[in-house]
Structure formats: structure tokens, C-alpha cells
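# Inside the fold
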Amino acid sequence: MTHRLPLGWILFFSSFIFFWIFSDWGPITDPVESNYALPAKEMILSNDWLTPHIYGKIWFDKPILIYWLTAISFKLFGFSDGAARLVPAIVGAGGISLIFSFTSRLYSRRHGLVAALILATSIHYFALSKALVTDMLLFVASSAGLVYFYMGYSRYKGTNKWYLWMYPCFALAVLSKGPVGALVPGLVIFLFLLTQKKWTELLHMRLLIGIPIFLLIAAPWFLYMYHLHGKDFVIVLLGVHNFLRATQPEHPENNVFYFYPAIVLVAFLPWTGFVLHGLWKGILDAWKEKAPIPRFLIIWIASYYLFYSLMATKYPTYLFPIWFPGALLAAIYLPWVPKKFRFFEYILPISIWWVALMVGAYLFVPKPLSWFVIGLFLTAGIFHLSFISKGPKGRFLPGVVLLTISCYLIASAFLLPNAAMLRSGIQFPAKLAEYGNDHVGFFQTYSTGSVYYNGPTVTKVVLPEELSSSNDKASWNLKYQMPLETTDQFANPHPTKKRNILFLPESKEKNFYSQKTDQYEIILIEKYQKYSIIQIKKK
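Calculation notes
Residues numbered from 1 in each chain as written. Predicted model: local features only at pLDDT ≥ 70, side-chain atom pairs only at ≥ 80, totals over all residues. Heavy atoms only, no water. Buried < 20%, exposed > 50% of the residue type's maximum accessible area, 1.4 Å probe, protein only. Helix = DSSP H or I, 4+ residues; strand = E, 2+ residues; numbered from the N terminus. Pairing = 2+ DSSP bridges. Axes fitted to C-alpha atoms, helices over the stretch in contact; angles between N-to-C directions. Parallel < 35°, antiparallel > 145°, perpendicular 65-115°, else oblique. Left-handed = near helix turned anticlockwise from the far one by under 90°. Contact = heavy atoms within 4.5 Å. Nonpolar A, V, L, I, M, F, W, Y, C, P; charged D, E, K, R; others polar.

## What about the pairing of strand β3 (residues 439-443)?
β3 sits mainly inside the fold: five of its five residues count as buried. Of the two faces of β3, the one carrying His-439, Gly-441 and Phe-443 and the one carrying Val-440 and Phe-442 are both buried. Both β3 and strand β4 (residues 459-462) contribute to a ladder of three bridges, which runs parallel. Paired with Phe-442 across the strands is Lys-460, a residue of β4.

## Overview of the packing of helix α9 (residues 163-177) against helix α11 (residues 207-229)
Where α9 meets α11, the closest approach of the two axes is 8 Å, and the angle between their N-to-C directions is 20 degrees. By the angle between their directions, the pair α9 and α11 is classed as roughly parallel. The handedness of the crossing between α9 and α11 comes out as right-handed. Contacts from Leu-164, Tyr-167, Pro-168, Phe-170, Ala-171, Leu-172, Val-174 and Leu-175 in α9 reach Leu-207, Ile-209, Gly-210, Ile-211, Ile-213, Phe-214, Ile-217, Ala-218, Trp-221 and Phe-222 in α11. Its residues assigned to classes, the contact of α9 with α11 comprises 17 nonpolar, one polar and no charged.

## Here we look at the environment of Ile-96
Its place among the elements puts Ile-96 in helix α5 (residues 86-106). Look at Ile-96 and you get buried, because its relative accessible area is 1%. For the pair Ile-96 and Leu-416, spaced 320 residues apart in the sequence, the C-alpha separation amounts to 22 Å. Setting aside anything within four residues of it in sequence, one finds Ile-96 in contact with Ser-15, Phe-19, Ala-116, Leu-119, Ala-120 and Tyr-125.

## Overview of the sheet that holds β4
Read from one edge of the open sheet, six strands run β5-β4-β3-β6-β8-β7, paired in mixed fashion. Where the open sheet ends on each side, the last strands, each with one partner, are β5 (484-486) and β7 (520-528). This sheet shows a mean twist of 35 degrees between the axes of neighbouring strands, independent of strand direction. The pairing of β3 with strand β6 (residues 500-505) spans four bridges and is parallel.

Here it is in C-alpha cells:
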């Protein structure tokens, strides 16, 4: 008697391989991945599994879950780039299994498979499944919580026991990224019950059991950190990384009305047309049934979109949780055998996606290898056109999936490692070793990746007006734990070092020379990549 592996597990393992393959070929990147890899590494080296550290100092950037999971991976497999990216690959594969399972239960296995394939091959989901960031943890934990809510609400299999699984999922979401892990899903549930006019459902959500479960999982680490570090923990984690981001823009250049619409259009490529089609159909159908899944999915999307649109800080990954309902809506309303290839739903999005990959290869892959990679992308595209044009119309969806998978594998092997090299600090330790007797700083930038790759902890140098003098209130400067000095402070003679050596990025030279530099003696030592390495001292 043979036992077949369930399709959900097949999707999980195949997705994991798809996301993780070649992850060790590209270095950890700055400025985001290194901020999670280095604390996890220091967690192992210091054997302190409760208080995150970076550069040997306490680090309150994010809750503990991402550091725990990455540190466990390091403990099992050693310090490597592949081990660092093992967590997002596993969690990303879990998200694919989750959407397959949920969609299959609501509709059919065919719908579930389509939803899983759309999600896995959307460019943003694929990228975040290969990157060491907290967003994939938040996505899967919060999505699972909302899935279990709807299963409990709809009495799947005649029971509301599913509600009990909702609470630990939201607790893990909080341990991934803080209060928003429960706050925004709570908003989705509130608005859905409001539109359904079923407040009595609160009596069936097993709150008396669920809330203690939630607190038992989410609260201990926060309480321990407050007990150990007091108001500093509250000011930095909740004040800076939550309240300050909500009220002051961390990235003012992103505060434009078209930022999030543009993110949605790009992030779902090559499926953008079908996602927008599903979103429109879902809006039209949302009020046709007593308890429709389209209504729940539309409220899910609208809640996240409005919440993060109202925040002062805009960031490309903030809307990532809406990819789950977006992919599900696309699968529900996807035309199974289209009578003709619709320009806006198919030809334009997939063409943009395909051309973007080739442009990326041209920009980031060294010559002449880039021409070989472009040739591989062209070959995949030609094969796709041949596959869907010389057979039954049912080949359309498999053809798109084969094209996306083949192109992403090519990108994983050639494009992403070379692009990562341009954003990594892996090259700095060797160069910094040449200035081992000097006081070294980076102007208005910093490479945490350099420290992760065993480089020294150097100084970040900023303009005087950038350095806040207040340490008792929420300030962006409280984010930083590396040594921090103004140019005036840095130019002073160092008591133990020979010279003051500043790595000045070409992109920051205008900012540097906008200050009164006539008080300094500046000597250009060498050019290194996109940096001018200068010696600076007061006259």
C-alpha cells in the first residue's frame, strides 16, 4: 500500500527549496538584513538569549522572535548566509501552504493551488522569502490568525474551535514586529463584525481562554525586558519604532500619494492585472451574500491599506500582509481559460516583469556574464510563448507559472547574488584592516554587514544638526547603537589612534562639503569603490 504525500506538504517542501536555493551565493545586505543577522550572531557568542545586542550594546529595534529563530539556525548550521536566510525561506513556504489550505477549504483544491502559485511567484513575496527581514514572520503569523478567525466565524466543520488557534498566531505576530501584529488584524475583525452586524459573535470567540493564551505567549518577553531595562526599552521599542514612525516620517521621500499604489502595482508582478481584476470583482461581490469571503478579504485589504496610509512613515513592506487576500481574490476570479490574452491583465504586467529582470541583469551582473543571463531570460520567454501558443488554451496558467519559476531560478543564481554584493559590507573588513591604527568613520552611512563579517566597529559620522542632544525622549538617534559623532567631534585628535580616516560616499559629498570645512585639513588618501577615503583633522 502506497501513501501519497498531501499536496499541502508537497507545496511546502517545493516552495522551501524554491525560496532557499542559492541563498548562500549572495552576502548579507545592508542596511536591513545585517541588522538582524548581527544580533543573532551576537546572541550565540554572548549566550544571552533574552536581550538582543548589536555592536556589543543592547538593541531594542524589534521584538525577539526574528533573533531567536535566526540564532537557532546559526547554532545548528553555523554562521553562514544560507543559515541566516533559512528562516524566511521556511516561513515563506509556510505561507504558501497556508493559502493553499485555506483556499482549498473555502473553494476547491484547484483554487487553492492557483492562489499558492500566484503568491509564491509574485515578485515581492519571492524577494521577501529570500531576505532576512521580519515582514515574512509578520505576514504568516497575522495571516494565519485571520484565517483561523474566519474559519471559526464560518463554523468550518461545524465548530468554532478554530478561534483558539487565532490567539497564538497573533501573539507570534506581536513577537515578530510589535503591537501592530495584533492591532491591525484586530481592526480587520472589528470592521468585519461591524459590517456583518454580529457583535454577539464576540461571545463565541472564546475570549476567556484565548486572551490568556495570547498573553502567556506574547507578554513574558516584553515584561522581562521592561523589568530589566525600564523606560529605555519602552522609549526605543514602543516610542521610536512604533509611535515615532506613526507620527514622524522616517523616509520623507516616500511621503507621496502614489507611493503605496505604485508598490501594489509592482509587488504583484507578473500577476498585477489578475490581482486588480480580482479586487474589482471582489468589491462588486462583497455585499451579495450574508457572510461572503469576498467581503472579508476586501475589509482585510482596506484595513491594512488605510492604517499604513495614515502613518507618517511609509515603507515598501508595510502593505505586505495584503498580498495574502490579494492572491486569494486573484485565484477566485482568475479566468481559467481566457478567450484571448487581455492586454492589461496579462501581456503588459508580464512583459514589464520580464523586461525588468533583463534590465536588472544588465545593471547588476558583471559583463560579459550579464549577456549570458539576459540570454537565459530571453530563452525562457521564447519557450513560454511557444508553450502557450502551440497547444490547448489550458496551457496558459501552467505556461506563466513555468516562466516565473524558471526566471526566478535564473535570478537566484546570477542576478540576486551580484545585486546583494553591491549592497553588502562583506568587502569592508579587508579594507578597514589597512587602517587598523586609525580612527575610522563612515559619513552619513554605516555598514553593519562589515561588523557581521568580522570587521571592526567603526564610527558613524553625521552633521551637527543631525545629532540630537536629548536622550530621554523618542528620537531617531536612539535607533543607533554604533559609535556616533559629529564631523567636528570626529576631526579632533584621537587619544589612541594615529589618524582620523573618513569613508565619504560619493552620494554624500555634497552634504559633507555643505558645512564649514575650511576649519578642517582634508587630505584625499584614495578612492575605493564609491567612496573617497579622506584624512580629516582640525587646523
